[in-house]
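Structural features, examined
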Amino acid sequence: MGGRWPHLDRLPDGGFVVAASRARRYEDGNQVQLFDGLGQEISSFSVGDAIEHLLVDEAGLIWVGHFDENPSGIRRWSTTGHPMWASDSADIPGLFDCYALNMSGITAWACTYTDFPLAEICPNRREQPVRVWTNQVRGAKAVAVHGDQVAFYGGYGDEQDRLAHGKLTESSVEPTNVGLLTLPDGTAPGRRRVVGRGSRIYVQAEPFTAWGMLDLSS
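Residues numbered from 1 in each chain as written. Predicted model: local features only at pLDDT ≥ 70, side-chain atom pairs only at ≥ 80, totals over all residues. Heavy atoms only, no water.

Section: empty space enclosed by the protein
Keep this limit in mind: Think of a 1 Å grid over the protein atoms and nothing else: a 1.4 Å probe that fits but is trapped marks a cavity, an open set flanked by protein within 12 Å on at least five of seven lines marks a pocket, and residues with an atom within 4 Å of a point count as lining. Grid points are joined across faces, edges and corners, and a volume is the space filled by probe spheres set on the points. The numbering of helices and of strands both runs from the N terminus, where a helix is a DSSP run of H or I of at least 4 residues and a strand a run of E of at least 2. Asp, Glu, Lys and Arg are counted as charged, while Ala, Val, Leu, Ile, Met, Phe, Trp, Tyr, Cys and Pro are counted as nonpolar; the rest, among them Gly, fall into the polar class.
Taken as a whole and judged by the stated rule, the model has one cavity of 30 Å³ or more. Taken as a whole, the largest cavity encloses approximately 30 Å³ of empty space. Around the largest cavity, the lining residues are Asn-135, Gln-136, Val-137, Phe-152, Ala-164, His-165, Gly-166, Val-173 and Pro-175. Broken down by element, the residue count for the lining of the largest cavity peaks at three residues, all from strand β15 (residues 162-168). For the lining of the largest cavity, the residue count by class is five nonpolar, four polar and no charged.

This is the structure:
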């Protein structure tokens, strides 16, 4: 098990997946490795260079969002490396970089550069598998959704700890309030990792030994 700048997530059966964010010329057959609950490798394959986000849905399918060095955008893969869905078949405006990706059940939510729309992706939904809302929040690195409530975390420059709330209307995310996300001791997170899952945004600040959580449903 290895890989440069790896991503890690849990599989529904108790196993886990590890993926190197960088791959050489899309030919690294061991870029994504899947392991069972005992740590035995069960499959490996490549999904391409420049992984920004990797999340597993409750059906065990693997969602990958790429940054701008790979034009593939967002894709969903089986655990054997079979492509199941790709964003090039969807009308998501200005998708050059998957800034934020959230997994809720089998539905993905994404916020993408350059236009930063909020996209709901549900390939199993026959009618309108992708819905898009225009959005004024730029540069968020994580998103959480609960009903018609949305929270975006992160941004550019001095907005890296911004927490922007909004409400879904028919076609847009309408801003409601903006604040700063802080740690329990009141300080800013600084260097951190962030993960969006349903109504929750998880934040792990340096030295990366504990997770904090924001939950829109609470």
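Right, picking up where we left off after that structure.
Things to note about the sheet that holds strand β7 (residues 74-77)
Applicable threshold: Strand pairing is assigned whenever DSSP identifies at least 2 bridges connecting the two strands. Angles run from 0 to 180 degrees between N-to-C directions of axes, and those axes are lines fitted to C-alpha atoms, restricted for helices to the stretch in contact.
Across the sheet, four strands lie side by side as β5-β6-β7-β8; this open sheet has antiparallel pairing. For this open sheet the edge positions go to β5 (51-56) and β8 (83-86), each flanked by a neighbour on one side alone. Across the sheet, the mean angle separating the axes of adjacent strands is 20 degrees when strand polarity is ignored. When β7 meets β8, the two strands line up antiparallel, connected through three bridges. Along β8, the bridge assignment pairs Arg-75 with Ala-86.

Focus on the side chain of Asp-97
Note the threshold: Relative accessibility under 20% of the residue-type maximum defines a buried residue, over 50% an exposed one, and the middle range a partly exposed one, all with a 1.4 Å probe and only protein chains included. Charged-residue counts in this description rest on Lys and Arg as positive and Asp and Glu as negative, His and the chain ends being excluded. For this document, the term salt bridge refers to a Lys or Arg side-chain nitrogen within 4 Å of an Asp or Glu carboxyl oxygen. Pairing of N or O atoms within 3.5 Å defines a polar contact, subject to two protein rules: one partner must be a possible hydrogen donor and the other a possible acceptor, and residues neighboring in sequence count only if both atoms are side-chain atoms.
Structurally, the position occupied by Asp-97 is in strand β9 (residues 95-104). Salt bridges are absent for the buried Asp-97, whose nearest opposite-charge side chain, Lys-141, sits at 5.8 Å. Among the polar contacts made by the side chain of Asp-97, one reaches the main-chain amide nitrogen of Asp-68 at a distance of 3.4 Å.

Topic: the environment of His-82
Definition in use: Contact definition: two residues touch when any of their heavy atoms are within 4.5 Å.
Checked against the element boundaries, His-82 lands in the loop between β7 and β8. The sequence separation of His-82 and Met-103 amounts to 21 residues, and the corresponding C-alpha distance is 19 Å. Those residues within four positions of His-82 in sequence are excluded, and the remaining contacts are Arg-76 and Trp-77.

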